[in-house]
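# Structural overview
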Amino acid sequence: KGIIVLEDNCEALGAKYGEKFLGTFGDFGTFSFFYSHQITSGEGGMIVCNNKKDYEILLALRSHGWSRGKGVYEKNAKKYPNLDPRYIFINSGFNLRPTDIQAAIANNQFKRLETFRKIRSTNKSKIINSLKKDKRWNNQFKFVEYSKKIKASYMVLPILIDRKFHYKKKKFINFLEKKGLETRPVISGSFVNQPSSKLYNLNPGNQRFRGAQEIQDLGFVIGLHTKNIKMSKVKFIIDLLFSIDTI
């Protein structure tokens, strides 16, 4: 009770749990429009909230703490009559205002979000099913499993290599990159290993987070296109992935 919930939903735009969109369970939800995410405006993102008071605070925070926006400007002009209403600062703040061009791009992409989600999900299934039906399949990889209540919204395909290949992960990733299959780590892996974590002493007890460490040690992602990929492309991908047996 009394806990304020902020949902970091930056990489799950469009996903649902049951009939409810992720990012709408808490008091605030954050979303990213970085170029490799579900939709993009080049950079930037959005935050959602549940009430007008929080909305007005966020509106000020995004623009130097300035009193801006319909209704807010007039209200604060009346509340602080001794100040020039054009320059009233009601909070601390940042400069996080999107440009009109970014807004136009994002607004257009929102119309295609569900189409992108379905196509990426189809492409993910094509790759995984082709791997598992291939005669070379011997559980070399693991994939994310989730509840039937979840309607996932993929932007990439996360993959965990079998632990027996742990010693050759770096060599394997370098091989994929050289052959033209781009990869990325699963975000930061275990964040307590990052220099910034040490800089701010975020793990004073030097705890080891086994799940996060396993993702860092065994995990990587490959892209999922927003257009249906041909089976020739699927073959290219799975042939490279199966090279983990021989490199």
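Quick note: structure is the one above.
In this text the structure is predicted, and so the values were computed from the model without any measurement.

Here we take up the overall build of the protein chain. The secondary structure content of the protein chain amounts to eight helices and nine strands. What you see for the protein chain is a C-alpha radius of gyration of 23 Å, clearly larger than the 18 Å of a compact globule of 247 residues, by over 25%. Dimensions of the protein chain, computed from C-alpha atoms along their principal axes, come out at roughly 75 × 45 × 35 Å. Within the protein chain, the proportion of its 247 residues that are buried is 34%. For the protein chain, long-range pairs separated by at least 24 residues make up 61% of all intrachain contacts whose partners lie at least 6 apart in sequence. With an accessible surface of roughly 16,300 Å², the protein chain has 56% of that area assigned to carbon and sulfur atoms. Side chains of the protein chain give 44 positive and 21 negative charges; the mean places of these two sets differ by 3 Å.

Time to look at the pattern of salt bridges. Taken as a whole and assessed by the stated rule, the structure comprises nine salt bridges. Among the ionic pairs, Asp239 bridges to Arg136, the shortest N-O distance being 2.8 Å. Of this pair, Asp239 sits in helix H8 (residues 231–241) while Arg136 sits in the loop between helix H4 (113–133) and strand E6 (141–142); the two residues are 103 residues apart in sequence, bridging distant segments of the chain. Under the relative-accessibility criterion, Arg136 is labelled partly exposed at 34%.

Reading guide: rules and limits
Every residue gets a number counted from 1 within its own chain, in the order that chain's sequence is written. pLDDT decides what is reported in this predicted model: residues at 70 or higher carry local features, side-chain atom pairs at 80 or more are listed and counted, and totals for whole chains, interfaces and linings draw on all residues regardless. The side-chain numbers reported here are obtained from all heavy atoms of the structure, hydrogens and water having been left aside. In this description a helix means any DSSP run of H or I spanning at least four residues, a strand means any run of E spanning at least two, and both kinds are numbered starting from the N terminus. For a compact globule the rule gives 2.2 Å times the number of residues to the power 0.38, and the radius of gyration it is set against comes from C-alpha atoms. Partly exposed describes any residue whose relative accessible area lies between the buried limit of under 20% and the exposed limit of over 50%, with all areas from a 1.4 Å probe on protein chains only and scaled to the type maximum. Throughout, a contact is declared for two residues whenever any of their heavy atoms are within 4.5 Å. Shrake-Rupley sampling with a 1.4 Å probe provides the accessible areas, and residues are treated as covered by the protein chains on show and by no other component. Here the positive residues are Lys and Arg and the negative ones are Asp and Glu; neither His nor the chain ends is included. Charged side chains are reduced to one point each, which is NZ for Lys, CZ for Arg, CG for Asp and CD for Glu. Criterion for a salt bridge: a side-chain nitrogen of Lys or Arg within 4 Å of a carboxyl oxygen of Asp or Glu.

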